[in-house]
Amino acid sequence: QVQLVESGGGLVQAGGSLRLSCTTSESISRFNTMSWYRQAPGKQRELVAAISSGGGLKYANSGEGRFTISRDNAKNTVYLQMNSLKPEDTAVYYCHGDYYAYDYWGKGTLVTVSS
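Here is a short report on the structure shown in this document. Throughout this document, residue positions are counted from 1 along each chain, in the order its sequence is written. Side-chain atom pairs in this predicted model are given and counted only at pLDDT of 80 or more, local residue features only at pLDDT of at least 70, and totals for whole chains, interfaces and linings cover all residues. In computing side-chain properties, one takes all heavy atoms of the structure into account and sets aside hydrogens as well as water.

A short note on the overall build of the protein
In this text, helices come from DSSP runs of H or I with a minimum length of four residues, and strands from runs of E with a minimum of two, each type numbered from the N-terminal end. Within the protein one finds zero helices and eleven strands. In the protein, the order of α-helices and β-strands from amino to carboxyl end is β-β-β-β-β-β-β-β-β-β-β. The atom set for the radius of gyration is the C-alpha atoms, and the globule formula is 2.2 Å times the number of residues raised to the power 0.38. Against the 2.2 N^0.38 benchmark of 13 Å for 115 residues, the protein shows a C-alpha radius of gyration of 13 Å, consistent with a compact globule. Its C-alpha atoms put the protein at 40 × 25 × 25 Å along the principal axes. Relative to its 115 residues, the protein shows a buried fraction of 41%. Counting only carbon and sulfur atoms, one obtains 46% of the accessible surface of the protein, whose full area is about 6,200 Å². The charged-residue count follows a simple rule in which Lys and Arg add positive charge and Asp and Glu add negative charge, with His and chain termini not counted at all. Charged groups are reduced to one reference atom each: NZ for lysine, CZ for arginine, CG for aspartic acid, CD for glutamic acid. Averaging the positions of the 11 positive and the 9 negative side-chain charges in the protein gives two centres separated by 3 Å. A simple rule labels every residue: compare its accessible area, found with a 1.4 Å probe on the protein chains alone, to the largest value its type can have, and call it buried under 20%, exposed over 50%, or partly exposed in between. The Shrake-Rupley method, run with a 1.4 Å probe, gives the accessible areas here. Residue values count only the displayed protein chains as cover.

Okay, structure coming up:
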């Protein structure tokens, strides 16, 4: 069974940084696209950033210029570096993988940004 496990969330002050990690149980090179989503209380889940197997990048406007997604195939891990964090970035962040046309999700990691 394919598993995605996130880590790296926590409490940070506004302006601070966090790096989220998502490690896969299968070779990450077999995933078509790896993505980070987030869901704030009372809001819908939204895409934050995505990286394709070919290295193509996509960012939501909310994180462009502040967030960077990357992947390390040797470690089967995708990262989300988040800088200049704002209180509105507070959410549960989920890792998503597109594996042979099936969608897999991690359980999420909570990021709380205090003002």
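Some thoughts on the sheet that holds strand 8 (residues 77-82)
Spatial strand order, 1-3-8-7: four strands in an open sheet with antiparallel pairing. Taken across any chain shown, the strands that pair with only one partner, and hence form the sheet edges, are strand 1 (4-7) and strand 7 (67-72). Within this sheet the neighbouring strands show an average axis-to-axis angle of 15 degrees, counted without direction. Pairing analysis gives four bridges linking strand 1 to strand 3 (residues 18-24), with the strands arranged antiparallel. Residue pairing in the sheet places E6 in a bridge with C22 of strand 3. Between any two strands, pairing holds if DSSP finds at least two bridges. To get an axis, fit a line to the C-alpha atoms, keeping to the stretch in contact for a helix; angles then go from 0 to 180 degrees between the N-to-C directions.

Description of the nonpolar core
Residues M34, W36, I69, V78, L80, M82 and Y93 are the most contacted members of the largest nonpolar core, which totals 27 residues. Only strand 3, strand 4 (31-39), strand 5 (46-52), strand 7, strand 8, strand 9 (91-99) and strand 11 (109-114) provide two or more residues apiece to this core. Looking at this core element by element, the count peaks at four residues for strand 9. Side-chain atoms within 4.5 Å are what join buried Ala, Val, Leu, Ile, Met, Phe, Trp, Tyr and Cys residues into a set we call a nonpolar core.

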